[in-house]
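# Secondary and tertiary structure notes
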Amino acid sequence: MTNPLASPWLRRSLIALVVLGLLAGGVVWLRRPKPVAVLTVEVGRGQVESSIANTRAGTVEACQRTRLSTIMGGRIELLNVKEGDRVHKGQLLMKLWNDDQQAQQTLATAQMDTARKRVVEACTAADTAVREAKRQTELRAQGFVSVSREDAARSEADARSAACQTARSDVVSAQARIGATLVEQGRTRLVAPFDGRIAKIVGEVGEYSTPSPPGVPTPPAIDLIDDSCLYIKAPMDEVDAPRVLPGQPVRITIDALPGKTFAGRVKRVAPIVSAVEKQARTVDIDVTFDQPDKTGPLLVGYSADVEVVLATRKHVLRVPAAALGEGGRVLVVEGDALVEHKVRAGVSNWEFTEVLDGLKGGERIVTSLEREGVKAGARVTVDTPTSLVAKP
């Protein structure tokens, strides 16, 4: 029986088919997409914080600050302090020329002295008249004087007593005039309402000091601050304001002290929205230092930034924020291909996102999502795999 494979024609046909198959396979192999180089990170555990920061630079403020101006204008006669001086509550800082008011006080004092002497005169006469009226009453009872004489003596006593009371009222009026002159002199004096430091003085001895009328931004004569107590006032975006509450921890950085971070707490959230910039409405918050004695010397007006910590999760599964795509999707390297996983996220910030479900520790996820060709199903090669280790 003849073997069919022994036919030369059939053998050549089989060899040709095998060669064609190999060629086709080679073409497919050569034309398949090249692997995409990606950067990956190994999913691990660590700390994740949710925080928000101020939209514009905050400012170091003094707990007490007052911009003092005299109630009335006048020429500066006395300036007891200079910028940078420490002062005590009640200390005289500045006085305007007020010789006319002092003259009024001297006149009122002289009038009061005169009124007091009149009291002595009038009341002495009143006592004498009262005694005389009493004597006339006794004489009439004995029949020695008439009723009309007794009535005249009694009327005289009443008139003298009334004059005594009037003289005493004149003394009270004179005292009131002295008080009024002292009030007027107080309008020309500036005294420290609390212990503090003089931040700024506007004016010199001999110059005219003008008070600030309503609605006119006139510089104050003396700017007094209490720099023993400082806090940070920072504007937060109105969208973030509902999440900020008194007592929340914050991190404070000050431009003048690079490399240093201070712990603090939210003390107050403003009850109104500031519309200084209508395109960026903000809510001011006040932040105090946890350890104010360790901040070192700070100047009122320093610019500062505040980061409010809303929530903290420790030793949780996390991924870099750069690895999280739209809709909470991540690309996981399985073999030499990318597989898409849907992640249920928890607390997040600009650096990390907490993973509640969808990933396991040790899996490698892609962080270079911006590279061309990085998508689910793509073949990949890993450039520099790294590990996402937990932070203390």
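Report follows, based on the coordinates. These figures come from a predicted structure and were not determined experimentally.

## Some thoughts on helix H3 (residues 147-186)
For H3, built from 40 residues, the straight-helix expectation of 58 Å at 1.5 Å per residue is met to within 8% by its first-to-last C-alpha distance of 59 Å. Taken as a whole, H3 has its buried residues at Glu150, Ala153, Ala157, Cys164, Ala167, Val171, Ala174, Ile178, Thr181 and Gln185. Those residues of H3 hidden inside the fold are in contact with helix H2 (99-142) and strand S8 (189-191).

## Considerations on the side chain of Ser368
Along the chain, the position of Ser368 falls in the loop between strand S20 (364-366) and strand S21 (380-382). Polar contacts involving the side chain of Ser368 include one to the main-chain amide nitrogen of Leu39, which spans 2.9 Å. Apart from the residues lying within four places of it in its own chain, the contact partners of Ser368 are Val38, Leu39 and Val374.

## Considerations on the packing of aromatic side chains
Tallying each qualifying case throughout the model produces one aromatic pair. With 6.0 Å between their ring centres and 85° between their planes, Phe262 and Phe289 make a pair best called edge-to-face. In this pair, Phe262 is assigned in strand S13 (residues 262-269) and Phe289 in strand S14 (residues 282-289), connecting sequence segments 27 residues apart. Take Phe262 and Phe289: they sit in the same class, and that class is buried. Over the ring of Phe352 we find Arg318; its NZ or CZ atom is 3.8 Å from the centre of that ring.

## Focus on the nonpolar core
One recurring pattern in soluble globular proteins is that nonpolar side chains are buried together. Core analysis: the biggest nonpolar cluster contains 22 residues, and Ile232, Ile252, Ile254, Ile285, Val306 and Val308 have the highest contact counts within it. No other element matches strand S11 (residues 222-237), which puts five residues into this core. Contact partners of Val306, with chain neighbours within four places excluded, come to Ile52, Ala53, Asn54, Ile232, Ala234, Val250, Arg251, Ile285 and Val287. Membership of the second largest hydrophobic core comes to 16 residues, among which are Leu68, Leu79, Leu96 and Ala221.

## Observations regarding the environment of Ala108
Note that Ala108 resides in helix H2. Residue Ala108 is classed as buried on the basis of its relative accessible area, which comes to 3%. Between the alpha carbons of Ala108 and Ala180 there is a distance of 9.5 Å; along the sequence they are 72 residues apart.

Criteria and thresholds
- Think of each chain on its own: its residues are numbered from 1, step by step along the sequence as written.
- Reporting of local features is limited, given that this is a predicted model, to residues whose pLDDT is at least 70; pairs of side-chain atoms are given and counted only at 80 or more, and all residues count toward the totals for whole chains, interfaces and linings.
- As a convention, hydrogens and water are excluded, and side-chain values are obtained from all of the structure's heavy atoms.
- Numbering of helices and strands runs from the N terminus, with a helix taken as a DSSP run of H or I at least four residues long and a strand as a DSSP run of E at least two residues long.
- To estimate the expected span of a helix, count its residues, drop one, and scale the result by 1.5 Å.
- For every residue, the accessible area obtained with a 1.4 Å probe (protein chains only) is divided by the maximum for its type, and the residue is called buried under 20%, exposed over 50%, and partly exposed between those limits.
- The contact criterion used is simple: two residues touch if any of their non-hydrogen atoms lie within 4.5 Å.
- Here a polar contact is recorded for every N or O atom pair within 3.5 Å, except that within protein the pair must consist of a potential hydrogen donor and a potential acceptor, and residues adjacent in sequence are included only if both atoms are side-chain atoms.
- Each Phe, Tyr or Trp ring, with Trp reduced to its six-membered ring, pairs with another whose centre is within 6.5 Å; inter-plane angles below 30 degrees give stacked pairs, above 60 give edge-to-face pairs, and intermediate values give tilted ones.
- Two conditions define a charge located above a ring, namely a distance within 6 Å from the ring centre to NZ of Lys or CZ of Arg, and an angle within 35 degrees of the ring normal.
- Throughout, nonpolar core names a set of buried Ala, Val, Leu, Ile, Met, Phe, Trp, Tyr and Cys residues whose side chains join them through atoms within 4.5 Å.

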